[in-house]
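A closer look at the structure
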Amino acid sequence: MEIDHFYAGLAGELEALTRDVPYLIANLANASALLWQRMEDINWAGFYLLQDGALVLGPFQGKPACIVIPLGKGVCGTAAALGQSQLVPDVHTFPGHIACDSASRSEVVVPLYAGNVLWGVLDIDSPTLGRFTREDQAGLEHFARTLEEVLGDLPIDKVGK
Ligand code: SME
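Everything in this summary refers to the structure shown in the same document. (Residues numbered from 1 in each chain as written. Predicted model: local features only at pLDDT ≥ 70, side-chain atom pairs only at ≥ 80, totals over all residues. Heavy atoms only, no water.)

Let us now look at the overall build of the chain. Counting its regular elements, the chain contains five helices and six strands. The order of α-helices and β-strands along the chain, N terminus first, is α-α-β-β-β-α-β-β-β-α-α. Against the compact-globule benchmark of 15 Å for 161 residues, the chain has a radius of gyration of 14 Å, which places it among compact chains. For the C-alpha atoms alone, the extent of the chain along its principal axes is close to 40 × 40 × 30 Å. Counting every position in the chain, which comprises 161 residues, the buried fraction comes to 50%. With an accessible surface of roughly 7500 Å², the chain has 53% of that area assigned to carbon and sulfur atoms. (Helix = DSSP H or I, 4+ residues; strand = E, 2+ residues; numbered from the N terminus. Rg over C-alpha atoms; globule rule 2.2 N^0.38 Å. Buried < 20%, exposed > 50% of the residue type's maximum accessible area, 1.4 Å probe, protein only. Areas by Shrake-Rupley, 256 points an atom, 1.4 Å probe, with all protein chains shown as cover.)

Below, the structure written as structure tokens:
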């Protein structure tokens, strides 16, 4: 799917913010701040990082959230276990959805890799039902691919398996 103008610009901004910065947490913190600043109608944007065999809360913007999500559980754990991004128009219909913020009604989660090694997920939530389209999903996948490209092998040194 073609990446729309908004997401092409967002990936460009991400690249400018993170290029040649050798610090994983700093880059993820700025990536979540960029999403928070630019995207409309969202209530959470951030990362869960694979540590000790589960997804552990990483840098984010929004309300305090669940700390540990087992692989295969909730939208984040499902995206990580399947290795496929998840577009959920209504979280109340997603089996096993984990409600960190009861205001969340829809979300997109994209798994993150270094080579073929999973190291985390990107999670974006909205208080609006059906907030995200297939174009948003493709745009956020593009954002994730850009992030993977700038980070290279950095997550593998920092994130336990
Ligand atoms: N909604 C997620 C949990 C994480 S929070 O939304 C930040 C899920 O079901 O995986």
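Tracing the sequence through the fold places L82 in helix α3 (residues 74-82). With 11 residues separating them along the chain, L82 and L71 place their C-alpha atoms 9.4 Å apart.

Moving on to the sheet that holds strand β3 (residues 68-70). Read across the open sheet, the six strands follow the order β3-β2-β1-β6-β5-β4; overall the sheet is antiparallel. Edge strands, defined here as strands with exactly one partner in the open sheet, are β3 and β4 (86-88). The sheet shows a mean angle of 25° between the axes of neighbouring strands, taken without regard to direction. Taken together, the six bridges between strand β1 (residues 44-51) and strand β6 (residues 117-126) define a ladder with antiparallel strand orientation. Bridging across to β6, W44 finds its partner in D125. Contacts between helix α2 (residues 24-38) and the sheet are confined to β1, β2 (54-62) and β6, with β1 contributing the most and set at about 155° to the helix. Across the sheet, helix α4 (residues 134-151) is in contact with β1, β4, β5 (106-114) and β6; its angle to β5 comes to roughly 25°. (Pairing = 2+ DSSP bridges. Axes fitted to C-alpha atoms, helices over the stretch in contact; angles between N-to-C directions. Contact = heavy atoms within 4.5 Å.)

In this section: the nonpolar core. Of all hydrophobic cores here, the largest spans 46 residues; its most connected members are L35, I124 and L147. Among the secondary structure elements, those contributing two or more residues to this core are α1 (5-18), α2, β1, α3, β4, β5, β6 and α4. For L147, the contacting residues outside a window of four places in its chain are L14, L28, A31, F47, L112 and W119. (Core = buried A, V, L, I, M, F, W, Y, C linked by side-chain atoms within 4.5 Å.)

Summed over all chains, the structure comprises one cavity of 30 Å³ or more. Considered as a void within the structure, the largest cavity measures approximately 130 Å³ in volume. Lining the largest cavity are 15 residues, and of these I98, C100, E107, D123 and D125 sit closest to its centre. For the lining of the largest cavity, the secondary-structure elements that each account for two or more residues are β1, α3 and β6. Considering each element in turn, the lining of the largest cavity owes the most residues, three residues, to α3. (1 Å grid on protein atoms, 1.4 Å probe; cavity = no way out; pocket = protein on both sides within 12 Å on 5 of 7 lines; lining within 4 Å. Points joined across faces, edges and corners; volume = space filled by probe spheres on them.)

Taken as a whole and judged by the stated rule, the model has one disulfide. Left without a disulfide partner, C76 is nearest to the cysteine sulfur of C100, which lies 7.6 Å away. Owing to a relative accessible area of 4%, C76 belongs among the buried residues under this scheme. (Disulfide = S-S within 2.5 Å.)

With that out of the way, let us pick up the pattern of salt bridges. Applying the stated criterion across every chain, the model contains six salt bridges. The salt bridge involving R19 is made with E15; its shortest N-O contact spans 2.5 Å. A residue is classified by how much of its surface remains accessible, and E15, at 28% relative accessible area, is partly exposed. We note a salt bridge from R145 to E148, for which the minimum N-O separation is 2.8 Å. Taken as a pair, R145 and E148 lie in helix α4 at a separation of three residues, close to a single helical turn. One network of salt bridges, with partners in common, ties together E15, R19 and E149. (Salt bridge = Lys/Arg side-chain N within 4 Å of Asp/Glu carboxyl O.)

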